[in-house]
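Below, each chain spelled out in residue letters.
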Amino acid sequence: MKNILIILFFVLLSLPFSFSQEKGFKLENVLVVAQQDKMEDRYSLEVSLIELLRQYNIKTMASLNVIKQGGSPKILLNDSVQNALKQQGIDTYMLISVRGYDKKFKPSEQLKSLEDELEAGHLFPVYRENITSVTFSVTFYRDEKPVHNELIKIGATGSREDVLKKLMKKLDKLLRKEWT
């Protein structure tokens, strides 16, 4: 009876520690894929994200270095491209796109595969006149499977530069508190 009480005591004592040490999403390397139809939006997003991620010593690469201009992002699904990226130490893909404007969006309960997401069209530009907010979707993939998803809402935007500045500020907070 005494042994059972001692075991029960230690089990109860360790419970708070087991719940407080949840596995979080940790970002160590990433290929940044901005899913924008406008080339200037894609370039601005990828360059800004790479600069931010490098501040946290995260190994990064832009999809612009892998996909030829005007080429299909589906090339990222080729085994040779994936093997080349793995040899360079990249095994995580970060897809970022504009989800929409001026509405409250809920995170998807079932995330698309990397192939489906790369095939999807993304018609929304980073900035549009007369909008009050922009919602971005950021999804991370490893081994072609989604591992983490975030919706980031940017409010009260006045210009394209403001949108990017506010997005980087929110991503900086996520990197500091949750992703590193």
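As shown above, the structure is provided for reference.
Residues numbered from 1 in each chain as written. Predicted model: local features only at pLDDT ≥ 70, side-chain atom pairs only at ≥ 80, totals over all residues. Heavy atoms only, no water.

1. What about the sheet that holds strand β2 (residues 59-62)?
Our working rule: Strand pairing follows a simple DSSP-based rule, namely that at least 2 bridges must link the two strands. Numbered from the N terminus, helices here are DSSP runs of H or I no shorter than four residues, and strands are runs of E no shorter than two. Throughout, an axis means a line fitted to C-alpha atoms (over the contacting stretch in the case of helices), and angles, computed between N-to-C directions, take values from 0 to 180 degrees. Any pair of residues with heavy atoms lying within 4.5 Å of one another is described as a contacting pair.
Spatially, the five strands line up as an open sheet ordered β2-β1-β3-β4-β5, and their pairing is mixed. Every interior strand has two partners, whereas the edge strands, β2 and β5 (145-155), have only one. In this sheet, neighbouring strand axes are inclined to one another by 25° on average, regardless of whether the strands run parallel or antiparallel. As paired elements, strand β4 (residues 133-142) and β5 share ten bridges and run antiparallel to each other. Looking across to β5, one finds that V134 is bridged to I154. Strands in contact with helix α2 (residues 39-55) are β1 (29-34), β2, β3 (92-101) and β4; relative to β1, the strand with the most contacts, it is inclined by about 160°.

2. Brief notes about the pattern of salt bridges
Selection rule: Within this document, salt bridges are pairs made up of a side-chain nitrogen of Lys or Arg and a carboxyl oxygen of Asp or Glu, the two lying within 4 Å of each other. The classification of residues rests on relative accessible area computed with a 1.4 Å probe and restricted to protein chains. Under 20% of the type maximum is buried, over 50% is exposed, and intermediate values are partly exposed.
Enumeration according to the criterion identifies five salt bridges in this entry. The residue E119 makes a salt bridge to K74 at a minimum N-O spacing of 3.0 Å. Here E119 is found in helix α4 (residues 114-119), whereas its partner K74 is found in the loop between β2 and α3 (79-87), with 45 residues between them in sequence. On the basis of relative accessibility, which here comes to 35%, the residue K74 falls in the partly exposed class.

3. Here we look at the pairing of β2
Quick reminder of the rule: Orienting the strands away from the viewer, one traces the path from the first strand over the helix to the second; a clockwise path indicates a right-handed crossover.
Note that β1 and β2 share four bridges and pair parallel. Paired with N29 across the two strands is K59, which belongs to β2. As a crossover connection, the stretch from β1 through α2 into β2 is right-handed.

Keep in mind these numbers describe shape, not what the thing actually does.
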